[in-house]
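Residue-level structural notes
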Amino acid sequence: MKVAIVHYWLFHMRGGEQVLEALCELYPDADIFTHVYDPRRVSETIRSHRVQTTFIQKMPFARQLYKQYLPLMPMALEMLDLTDYDLVISSESGPAKGVIVRSDALHICYCHTPMRYLWDQYHTYRNSAGALARMSMPYLLHNLRGWDVTSAARVDYFIANSANVATRINKYWRRECEVISPPVDVDKFDVSEGHDDFYLCVSELVPYKRIDLAIAACNALQRPLIIIGDGPEAKALRAIAGPTIEFLGHVPHSVLREHLSTCRALLFPTYEDFGIVPVEAMASGRPVIAYDRGGARDTQIHQQTGIMFTQQTVGSLVEAIVLFEMMENMFEPHKLAAHAAKFRREVFKQKFFAKVDNLMNGEQNRARFERRPRRVALPAHL
């Protein structure tokens, strides 16, 4: 069985790339297709696979301006020749699912989110864009939306990374799907015997992450807050930060691990598709104070793993911090780590493999996919 994995672009090792890495472990002979690729910025596991790029890779300054070539990406995907592949797995957050496959091939899309800048966050992205982009977006993205819906019909089965994303898939593409949480490397984090007296944010510093809420809340309560991460909002956030706020920027994993295991709690004020950092905090034995929307609902349990606050406002977050401090001793580190273990990488791989096996070998698909091998053994390590 020949397997192809289509990923939007390969420039980081974030949540989407961790999923890709797990898929590479499941299918060690799979070929990877992507728009633009920088091997220096991905893991050895991904580099060990054959990676083929679309013509976007050859465009001027593609590694710096790849997002500017978004209108060309549908055509680039359709030019990929996947005739030889029996199983095609698209990893969708940017354009990836629009490939054309054989009529008897199985195409599964693992969706991190429908493209946010096309759908539910279109106006947010447009309002924050420069003047030229603001003028061009209505014309360019209008056509791209049509292709996005049409290409969704080419996918045989969707898998969403959270219930939140499954709702969006149904809303914009009118497709039902199963939810399989993405893999989190919880084993890379340790539970500390004690903790320090600071709250923690770990995030890219961009507007939708709402780190401004965490800063304002800790300013109001005069609580120490450490912020790990960097981004275009760094200067503006530093300008509103009081004396109890500290910015560390990008840090090595060892420093991140130490801060996650010794913070008082993680503050997570953003609306995310899934949200890996809260799971990493729980794997470190620390509770989470999270906005009660989006992917946080898949990983957090109010007053068991931390506190959920219902409005994305400073006042609501302040109330949540005060409530947390009243019941802080109720959150047992090892119970939090046990809860985080439900999102281990091996759990993801077992669920994904079982789903693919069922789809390829189920009675309803045998006639359609009769050229396929009937059973593939689960790898020994699973």
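Residues numbered from 1 in each chain as written. Predicted model: local features only at pLDDT ≥ 70, side-chain atom pairs only at ≥ 80, totals over all residues. Heavy atoms only, no water.

A few words now on the overall build of the chain. What the chain contains, in helices and strands, is 16 helices and 13 strands. Here the C-alpha radius of gyration of the chain, 22 Å, is about what a compact globule of 382 residues would show, namely 21 Å. Projected onto its principal axes, the C-alpha coordinates of the chain cover approximately 65 × 50 × 35 Å. Put simply, the chain has 382 residues, and 55% of those count as buried. For the chain, contacts bridging at least 24 residues in sequence account for 62% of all contacts bridging at least 6. Accessible area of the chain: about 17100 Å², with a carbon and sulfur share of 52%. The distance from the centre of the 44 positive side-chain charges to the centre of the 43 negative ones in the chain is 5 Å. (Helix = DSSP H or I, 4+ residues; strand = E, 2+ residues; numbered from the N terminus. Rg over C-alpha atoms; globule rule 2.2 N^0.38 Å. Buried < 20%, exposed > 50% of the residue type's maximum accessible area, 1.4 Å probe, protein only. Contact = heavy atoms within 4.5 Å. Areas by Shrake-Rupley, 256 points an atom, 1.4 Å probe, with all protein chains shown as cover. Lys, Arg positive; Asp, Glu negative; His and termini not counted. Charge placed at Lys NZ, Arg CZ, Asp CG, Glu CD.)

Another point: the pairing of strand 1 (residues 3–7). Most of strand 1 sits out of view: five of its five residues are buried. Strand direction decides the pairing type here: strand 1 and strand 4 (residues 87–92), joined by five bridges, are parallel. Bridge pairing in strand 4 places H7 opposite S91. Across four bridges, the pairing between strand 1 and strand 2 (residues 31–34) is parallel. Residue pairing across strands places H7 opposite T34, the latter belonging to strand 2. Regarding the hand of the β-α-β motif, the stretch spanning strand 1, helix 1 (residues 15–26) and strand 2 is right-handed. (Pairing = 2+ DSSP bridges. Right-handed = clockwise from strand over helix to strand, strands pointing away.)

This part takes up the pattern of salt bridges. Applying the stated criterion across every chain yields a total of 29 salt bridges. One salt bridge connects R345 with E21, and the closest N-O pair in it is separated by 2.8 Å. With a gap of 324 residues between them, R345 in helix 15 (residues 345–361) and E21 in helix 1 connect regions that are remote in the sequence. Just as R345 is buried, E21 falls in that class too. For R47, the salt bridge identified is with E44, shortest N-O distance 2.9 Å. Of this pair, R47 and E44 are both found in helix 2 (residues 44–47), three residues apart, which corresponds to roughly one turn of the helix. In this structure, a network of salt bridges that share partners links the residues E21, E25, D185, K188, R345, E346 and K349. (Salt bridge = Lys/Arg side-chain N within 4 Å of Asp/Glu carboxyl O.)

What follows concerns the packing of helix 11 (residues 276–283) against helix 14 (residues 333–340). Contact pair helix 11 / helix 14: the axes reach a minimum separation of 7 Å and the direction vectors enclose 135 degrees. As the angle between them shows, helix 11 and helix 14 are arranged oblique. Here V279, M282 and A283 of helix 11 lie close against helix 14, whose contacting residues are P333, L336, A337, H339 and A340. Of the residues in the contact of helix 11 with helix 14, the class split is seven nonpolar, one polar and no charged. (Axes fitted to C-alpha atoms, helices over the stretch in contact; angles between N-to-C directions. Parallel < 35°, antiparallel > 145°, perpendicular 65-115°, else oblique. Nonpolar A, V, L, I, M, F, W, Y, C, P; charged D, E, K, R; others polar.)

For an α-helix, 3.6 residues make a turn, and residues three or four places apart therefore share a direction. Along its 17 residues, helix 15 runs 24 Å from first to last C-alpha, staying within 8% of the 24 Å computed at 1.5 Å per residue. Within helix 15, the full set of buried residues consists of R345, F348, K349, F352, F353, K355, V356, D357, L359, M360 and N361. (Expected span 1.5 Å × (residues − 1).)

Glancing now at helix 10 (residues 253–262). Along helix 10, the residues classified as buried are L256, H259, L260, S261 and T262. Packing partners of the buried residues in helix 10 comprise strand 8 (199–202), strand 9 (225–228), strand 10 (245–249), strand 11 (265–268) and helix 11.

What follows concerns the sheet that holds strand 12 (residues 288–291). The strand order across the open sheet formed by six strands is 10-9-8-11-12-13, and the pairing between neighbours is parallel. Only two strands of the sheet have a single neighbouring strand rather than two, namely strand 10 and strand 13 (306–309). Pairs of neighbouring strands in the sheet enclose a mean axial angle of 20 degrees, with direction left out of account. The sheet contact formed by strand 8 and strand 11 spans two bridges and is parallel.

This part takes up the nonpolar core. By size, the foremost hydrophobic cluster in this structure holds 57 residues, and its most contacted members are L200, L225, I227, L267 and I289. The element contributing the most residues to this core is helix 8 (residues 211–221), with seven residues. Excluding residues that lie within four positions of it along the chain, I289 makes contacts with Y199, A265, L266, L267, F268, I307, F309, L317, A320, I321 and F324. (Core = buried A, V, L, I, M, F, W, Y, C linked by side-chain atoms within 4.5 Å.)

This part takes up the side chain of H112. Tracing the sequence through the fold places H112 in the loop between strand 5 (106–111) and helix 5 (122–128). Once residues lying within four places of it in the same chain are set aside, the contact partners of H112 are Y8, G16, V19, S91, E92, S93, N161, V165 and D273.

This paragraph deals with the side chain of Q18. Relative to the helices and strands, Q18 resides in helix 1. Owing to a relative accessible area of 14%, Q18 belongs among the buried residues under this scheme. Beyond its immediate stretch of four places on either side in the chain, Q18 contacts M13, P183, D185, I276 and R345.

This part is about unusual backbone geometry. Only a minority of non-glycine residues have a phi that is not negative, and only a minority of peptide bonds are not trans. A positive phi is found at Q222, a non-glycine position, where the angle reads about 60 degrees. Within the secondary structure layout, Q222 lies in the loop between helix 8 and strand 9. For Q303, which is not a glycine, the phi torsion comes out positive at approximately 65 degrees. Its place among the elements puts Q303 in the loop between helix 12 (296–299) and strand 13.

Inspection of the entire model under this criterion finds 15 aromatic pairs. Here the aromatic cluster, defined as three or more aromatic residues joined through ring pairs, consists of Y8, W9, F11 and Y66. In this structure, K2 is placed above the aromatic ring of Y85, and the distance from its NZ or CZ to the ring centre is 4.9 Å. R293 extends its terminal NZ or CZ atom over the ring of Y271, reaching a point 4.1 Å from the ring centre. (Phe/Tyr/Trp six-rings, centres within 6.5 Å; stacked < 30°, edge-to-face > 60°. Lys NZ or Arg CZ within 6 Å of the ring centre and 35° of its normal.)

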